[in-house]
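Here is how the chains run, residue by residue.
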Amino acid sequence: MLLTKLDKEQLCEFIKHECAKDRQFKQRFLALGEGILFTPRYTDYQSQIKELIDEYGGKYGFVEYDKAFYLNRAVCAILDGADVAMVNHKWNVAIAILEGTATIGEDILYCGDDSAGELGNILDECFEKWHKLCSYELLPTEIKSVVFDLAIKYFTNGCLKEFNWWWDWIQMAVVLADTSEKQECVIKVLDNVINTKTGDEWSIKYNKETAQRFKLKIISKSGTPEEQLKFMYDNVGNPDFRRKLLQMAWDKGDYDEVLRLAEEGVSHNSEYIGLVECWYKWELMVYRHNNDRANILKISKYFFLHGGLLDEKEYSVEAMYALMKSVVPNDEWEDFVSTLIKEVSTNNTKVSVLFIYTQEKMWECYMEYLRNNISVYNIDGAPREIWKLYRDELIPLYALCVRRFFQQASSRTSYREGVKLLRKLVKYGGKKETAEIVDEQRNRTPRRPALIDELSKLKLT
């Protein structure tokens, strides 16, 4: 309603006044004319963001945790202008905003406390809009070339090289490489990364494998399936390529090739436990398909001893134990279990011997283990059968653990934890033992008011 009442002269005076006293308002106002009255410059947006960093950094020049959110909102408000520019087909404005933000990215990341991820989120937003621009159906050919050249330039110059956003430049270039010349340009840039030998071993390996993945994408845009396959085999040391080739061989039913690739992977990546498990998984799939019982036992035993693939139920400790039992002849199972127990007991494995005792219902062995390894954790984890058979022995052992705990307790937090253990002891049927421990702790000298206060919260009736 107010806008309908004010005339143009009044609005002009108001805007001039606000621009004169507020530089950021002035910059936002001038942005309305970019692409129409004058050519936008990415350095203008760099300056705006620098001013925001200075503003939220305060007198010490460091953006504190609570201010990082507000800096994020302020810079993202600038980035929102890129969305508006794209809708209005002001491509140069959108490019200037995104280029200005990306090229000052390291200043943003290092300006303050990013515990909450607010500073990194600014770069996420920036490159999300870059990718949106690159995939815009109505983007003119000449603008695509401009963005392609920028992407190659900033990747080559190492803009944000210490971060994964560096690879966003190449991702943009791959999308925009719509001619053979551009594709060759991307390949040349990637080959420089693949062939580099400078840096630490991990970075060289990571950058090489990442560059190879992008090179495969470029080859897939112009090359034949045979060329793609050859490239993957020529660089099969790349785990992503090995996975693709394994899946392709499996889908074709070429199980010998699956086995060859998997065995080669185990040898090649012997120092990387995660990859070794991945390749063993493929080996096991082939052995199960071929009903190769000896090798099924070998691989399933490996997974069992190493805790299985934690994120896959099919390869869990329980599943691998059942698989071993299915391939070992019944008359050999007892001896196999004895050997397995020795391995679990003497080697540094991720599985507890208690698991085997439970599976085989070896309750006396289980109880003997508890006697020799007295702990709250072990007793709490004992199955119902153990409690049914040995309750009278377990309660004193648990009480011993609680007494030991209180001997070390020296703070209200630890006293509170001790009371929780006493409640468990009562639940297990050790009310008498609990009462004795409570009396012992109340009579400790010197007196501990915090301990007595926590004990008073325990009800034995």
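Residues numbered from 1 in each chain as written. Predicted model: local features only at pLDDT ≥ 70, side-chain atom pairs only at ≥ 80, totals over all residues. Heavy atoms only, no water.

Each pocket or cavity is described by its volume, and for the largest pocket that value is around 410 Å³. Around the largest pocket sit 20 residues that line it, and Lys-161, Glu-162, Trp-166, Ser-203 and Asn-207 are the ones nearest its centre. For the lining of the largest pocket, the elements supplying multiple residues, two or more each, are helix 9 (141-156), helix 10 (166-176), helix 11 (180-194) and helix 12 (201-222). Ranked by residue count, the leading element in the lining of the largest pocket is helix 12, at five residues. Looking at the lining of the largest pocket residue by residue, the class counts come to nine nonpolar, nine polar and two charged. (1 Å grid on protein atoms, 1.4 Å probe; cavity = no way out; pocket = protein on both sides within 12 Å on 5 of 7 lines; lining within 4 Å. Points joined across faces, edges and corners; volume = space filled by probe spheres on them. Helix = DSSP H or I, 4+ residues; strand = E, 2+ residues; numbered from the N terminus. Nonpolar A, V, L, I, M, F, W, Y, C, P; charged D, E, K, R; others polar.)

Looking at the protein chain, the pLDDT average stands at 93 and 98% of residues meet or exceed 70. For the protein chain, the element scoring lowest by mean pLDDT is helix 3 (residues 23-31), at 75; helix 14 (residues 239-252) scores highest, at 98. (pLDDT = per-residue confidence, 0-100.)

On the surface, a cluster of negative charge is made up of Asp-331, Glu-332, Glu-334 and Asp-335. Mapped onto the elements of the fold, Asp-331 is located in helix 19 (residues 330-346). Of the residues examined, Asp-331 reaches a relative accessible area of 67% and is grouped as exposed. (Patch = residues over 30% accessible without salt bridge, like charges linked within 9 Å, V, L, I, M, F, W, Y side chains within 5 Å. Areas by Shrake-Rupley, 256 points an atom, 1.4 Å probe, with all protein chains shown as cover. Salt bridge = Lys/Arg side-chain N within 4 Å of Asp/Glu carboxyl O. Lys, Arg positive; Asp, Glu negative; His and termini not counted. Charge placed at Lys NZ, Arg CZ, Asp CG, Glu CD. Buried < 20%, exposed > 50% of the residue type's maximum accessible area, 1.4 Å probe, protein only.)

Tracing the chain through its elements places Gln-441 in helix 25 (residues 431-442). Side-chain polar atoms of Gln-441 contact the side chain of Arg-444, separated by 2.8 Å. Filtering out sequence-adjacent residues up to four positions away, Gln-441 remains in contact with Phe-406, Leu-451 and Leu-455. (Polar contact = N/O pair within 3.5 Å; in protein donor to acceptor, adjacent residues only side chain to side chain. Contact = heavy atoms within 4.5 Å.)

Moving on, we come to the packing of helix 5 (residues 65-87) against helix 8 (residues 118-134). The geometry of helix 5 relative to helix 8 is characterised by a closest axis approach of 9 Å and an angle of 5 degrees between their N-to-C directions. Here helix 5 lies roughly parallel to helix 8, going by the angle between them. In contact with Ala-68, Phe-69, Leu-71, Asn-72, Val-75, Cys-76, Leu-79, Asp-80, Ala-82, Asp-83 and Met-86 of helix 5, helix 8 contributes Glu-118, Leu-119, Asn-121, Ile-122, Glu-125, Cys-126, Lys-129, Lys-132 and Leu-133. Of the residues contributing to the contact of helix 5 with helix 8, the split by class is 12 nonpolar, two polar and six charged. (Axes fitted to C-alpha atoms, helices over the stretch in contact; angles between N-to-C directions. Parallel < 35°, antiparallel > 145°, perpendicular 65-115°, else oblique.)

This part is about the packing of aromatic side chains. Evaluated as defined, the whole model comprises 27 aromatic pairs. Plain terms: the ring middles of Tyr-321 and Phe-355 are 5.5 Å apart, the flat faces sit at 85 degrees to each other, and that makes the pair edge-to-face. Within this pair, whereas Tyr-321 is found in helix 18 (residues 317-327), its partner Phe-355 is found in helix 20 (residues 353-359), the two being separated by 34 residues in sequence. What links up through ring pairs into an aromatic cluster is the set Phe-304, Tyr-321, Trp-333, Phe-336 and Phe-355. Positioned above the aromatic ring of Phe-148 is the side chain of Lys-182, whose terminal nitrogen or guanidinium carbon lies 5.5 Å from the ring centre. Lying over the aromatic face of Tyr-272, Lys-205 brings its terminal NZ or CZ to 4.9 Å of the ring centre. (Phe/Tyr/Trp six-rings, centres within 6.5 Å; stacked < 30°, edge-to-face > 60°. Lys NZ or Arg CZ within 6 Å of the ring centre and 35° of its normal.)

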